[in-house]
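Analysis of the macromolecular model
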Amino acid sequence: RTLQALLHLPDQLPVSVSVSVLGYELGEPTHMVLRGGSDVGFRLGDAVVTPHGILVGSLIAVHKTTAVVRTIFDPHAKFSGAILGNTAPVSGVLEGVHGVGVHLTLIPRQDPVHEGDTVVTAGDEIGIPRGIPVGTVATLEEAPGIPLQEAILTPLFDFHDLTMVAVLISEHTN
């Protein structure tokens, strides 16, 4: 099987545009400013990935020649996520934590989750395709009396090291 099939990616992948990271938005260390905006076809909600195809975040502002990315580390970032490799689908909500980490929350306790499992986007949001890698499960947390568990992820990149990213141009309308 192809990598595209193994990652459950759609048959038609979105077009991507590579752009440079200009820096970080003042007062928002988890927001990156990109060189490129509506002039190259960016739209609100478009996914942003590393040069290796790992989810960085999504566009929350698009101007003529620049755009702002809310990274997956931002406490307001929320995406649907899924765990690869299980026989039954396991999903939850990807949430940024204090600007430094990512958790997969709201996982039913009976769902099998293991350290080292790969977490990808589930593709439930407009502009965020299914199957984009996010991180691996480092540890699991369960609170007594709550039927849910939470996976603490090890991200697959350090966003402070990024100088280039790719924006996946979606076909949704604003």
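Before reading on, note that the structure itself is shown above.
All values reported here derive from a predicted model rather than from experimental measurement. (Residues numbered from 1 in each chain as written. Predicted model: local features only at pLDDT ≥ 70, side-chain atom pairs only at ≥ 80, totals over all residues. Heavy atoms only, no water.)

Things to note about the overall build of the protein chain
In terms of regular secondary structure, the protein chain is built from one helix and twelve strands. Counted from the first residue to the last, the protein chain has its helices and strands arranged as α-β-β-β-β-β-β-β-β-β-β-β-β. Relative to its full complement of 174 residues, the protein chain shows a buried share of 46%. A total accessible area of about 8900 Å² is found for the protein chain, and carbon and sulfur atoms account for 57% of it. (Helix = DSSP H or I, 4+ residues; strand = E, 2+ residues; numbered from the N terminus. Buried < 20%, exposed > 50% of the residue type's maximum accessible area, 1.4 Å probe, protein only. Areas by Shrake-Rupley, 256 points an atom, 1.4 Å probe, with all protein chains shown as cover.)

Observations concerning the sheet that holds strand β4 (residues 55-62)
In spatial order, the strands read β1-β2-β5-β4-β3-β12; together these six strands close into a barrel with antiparallel pairing. For this sheet, the mean angle separating the axes of adjacent strands, direction not counted, is 45°. Here strand β1 (residues 15-25) runs beside strand β2 (residues 28-35); their pairing, made up of four bridges, is antiparallel. Note on β2: the bridge partner recorded for Y24 is M32. (Pairing = 2+ DSSP bridges. Axes fitted to C-alpha atoms, helices over the stretch in contact; angles between N-to-C directions.)

Some remarks on the nonpolar core
Ranked by size, the top nonpolar core spans 40 residues in total, and within it M32, L34 and V165 carry the most contacts. Examining the composition of this core, we find that five residues originate from one element, strand β12 (residues 164-169), more than from any other. (Core = buried A, V, L, I, M, F, W, Y, C linked by side-chain atoms within 4.5 Å.)

Structural notes on the side chain of T50
If you trace the backbone, T50 turns up in the loop between β3 (47-49) and β4. By relative accessible area, which is 3% here, T50 ends up buried. Each residue touching T50, except ones within four places of it in the same chain, is listed here: V56, F157 and L162. (Contact = heavy atoms within 4.5 Å.)

So, the environment of G116
Topologically, G116 is positioned in the loop between β8 (101-108) and β9 (118-121). Overall, G116 belongs to the partly exposed group, its relative accessible area being 49%. In the structure, G116 is positioned 38 residues away from T154 in sequence and 9.0 Å away in space, judged by C-alpha atoms. In contact with G116, other than residues within four places in its own chain, are T136 and V137.

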